[in-house]
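Commentary on secondary and tertiary structure
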Amino acid sequence: MKKQLFLGLIIGLVANLVGIYLYVFLFIDLEFEAAIKAAMQNDTIGSLIGLGAILNFLPFFVFIKKHQYYKARGVLFATVIAAIVILITKIV
């Protein structure tokens, strides 16, 4: 049970990072590191994280469809972590 939840969390975090990378690769004309630095300087890093979190829908619904509810909870927890990070970046 805990192992499945942790695996879902890791999958959710990786999906978020892949989503960020895909967004930067497809829509921003800068390299990945330069885009992250520019987002931090322009205070848009929260938006970038939020756009990356969209990719969490895919593993979440796959796990729900396969009745792997603990993995789906882990992905949901990763999305909540992303939301908390976005909140912190907006406050600071």
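Our structure's up above, just so we're on the same page.
The structure reproduced in this document is the subject of the present report. These numbers were taken from a predicted model, which means no experiment stands behind them. (Residues numbered from 1 in each chain as written. Predicted model: local features only at pLDDT ≥ 70, side-chain atom pairs only at ≥ 80, totals over all residues. Heavy atoms only, no water.)

Points about helix 1 (residues 2–27)
In an α-helix, one turn spans 3.6 residues, which is why side chains three or four residues apart end up on the same side. Relative to the 38 Å expected for 26 residues at 1.5 Å per residue, helix 1 spans 37 Å between its end C-alpha atoms, a close match to the ideal helical length. Three or more residues of helix 1 are buried, namely G8, L9, G12, A15, N16, G19, I20 and V24. Elements in contact with the buried residues of helix 1: helix 2 (32–41), helix 3 (45–53), helix 4 (57–65) and helix 5 (69–91). (Helix = DSSP H or I, 4+ residues; strand = E, 2+ residues; numbered from the N terminus. Expected span 1.5 Å × (residues − 1). Buried < 20%, exposed > 50% of the residue type's maximum accessible area, 1.4 Å probe, protein only. Contact = heavy atoms within 4.5 Å.)

Some remarks on helix 5
Here helix 5 spans 33 Å end to end across 23 residues, near enough to the 33 Å set by a 1.5 Å rise per residue. Considered for burial, the residues of helix 5 that qualify are K71, A72, G74, V75, A78 and A82.

Considering unusual backbone geometry
You will see that D43, though not glycine, has its phi angle at about 60°, which is positive. The phi dihedral of H67 falls on the positive side, at around 60°, and the residue is not glycine. Relative to the helices and strands, H67 is located in the loop between helix 4 and helix 5.

Considerations on the packing of helix 1 against helix 3
Packed helices, taken two at a time, are described by the angle their axes make and the gap between the axes. As a packed pair, helix 1 and helix 3 sit with axes 7 Å apart at the nearest point and diverge in direction by 110°. As judged from the angle between their axes, helix 1 and helix 3 are roughly perpendicular. Relative to helix 3, the crossing made by helix 1 is right-handed. Facing helix 1, whose interface residues are A15, N16, G19, I20, Y23 and V24, helix 3 presents L48, I49, L51, G52 and A53. Grouping the amino acids of the contact of helix 1 with helix 3 by side-chain chemistry returns eight nonpolar, three polar and no charged. (Axes fitted to C-alpha atoms, helices over the stretch in contact; angles between N-to-C directions. Parallel < 35°, antiparallel > 145°, perpendicular 65-115°, else oblique. Left-handed = near helix turned anticlockwise from the far one by under 90°. Nonpolar A, V, L, I, M, F, W, Y, C, P; charged D, E, K, R; others polar.)

Considering the packing of helix 1 against helix 2
Interaxial distance between helix 1 and helix 2 falls to 10 Å at its minimum, and their mutual angle equals 100°. On the basis of their axis angle, the class for helix 1 and helix 2 is roughly perpendicular. On helix 2, the residues that touch I20, Y21 and V24 of helix 1 are F32, A35 and I36. Among the residues forming the contact of helix 1 with helix 2, the class breakdown is six nonpolar, no polar and no charged.

Here we look at the packing of aromatic side chains
We describe a pair of aromatic rings using the distance from one ring centre to the other and the angle between the two ring planes. Overall, the coordinates contain five aromatic pairs when judged by the stated rule. Aromatic side chains F57 and F61 sit 6.2 Å apart centroid to centroid with 10° between the ring planes, which places their arrangement in the stacked category. Here F57 and its partner F61 are both found in helix 4, four residues apart, which amounts to about one turn of the helix. (Phe/Tyr/Trp six-rings, centres within 6.5 Å; stacked < 30°, edge-to-face > 60°.)

Focus on a nonpolar patch on the surface
A grouping of F6, I10, L13, V14, V18, Y21, L22, F25, L26, F27 and F32 is seen on the molecular surface, where their side chains present a nonpolar patch of about 1,100 Å² in accessible area. Take the nonpolar patch: its biggest share by element is ten residues, from helix 1. For F25, the location among the structural elements is in helix 1. The class for F25 is exposed, based on a relative accessible area of 58%. (Patch = residues over 30% accessible without salt bridge, like charges linked within 9 Å, V, L, I, M, F, W, Y side chains within 5 Å. Areas by Shrake-Rupley, 256 points an atom, 1.4 Å probe, with all protein chains shown as cover. Salt bridge = Lys/Arg side-chain N within 4 Å of Asp/Glu carboxyl O.)

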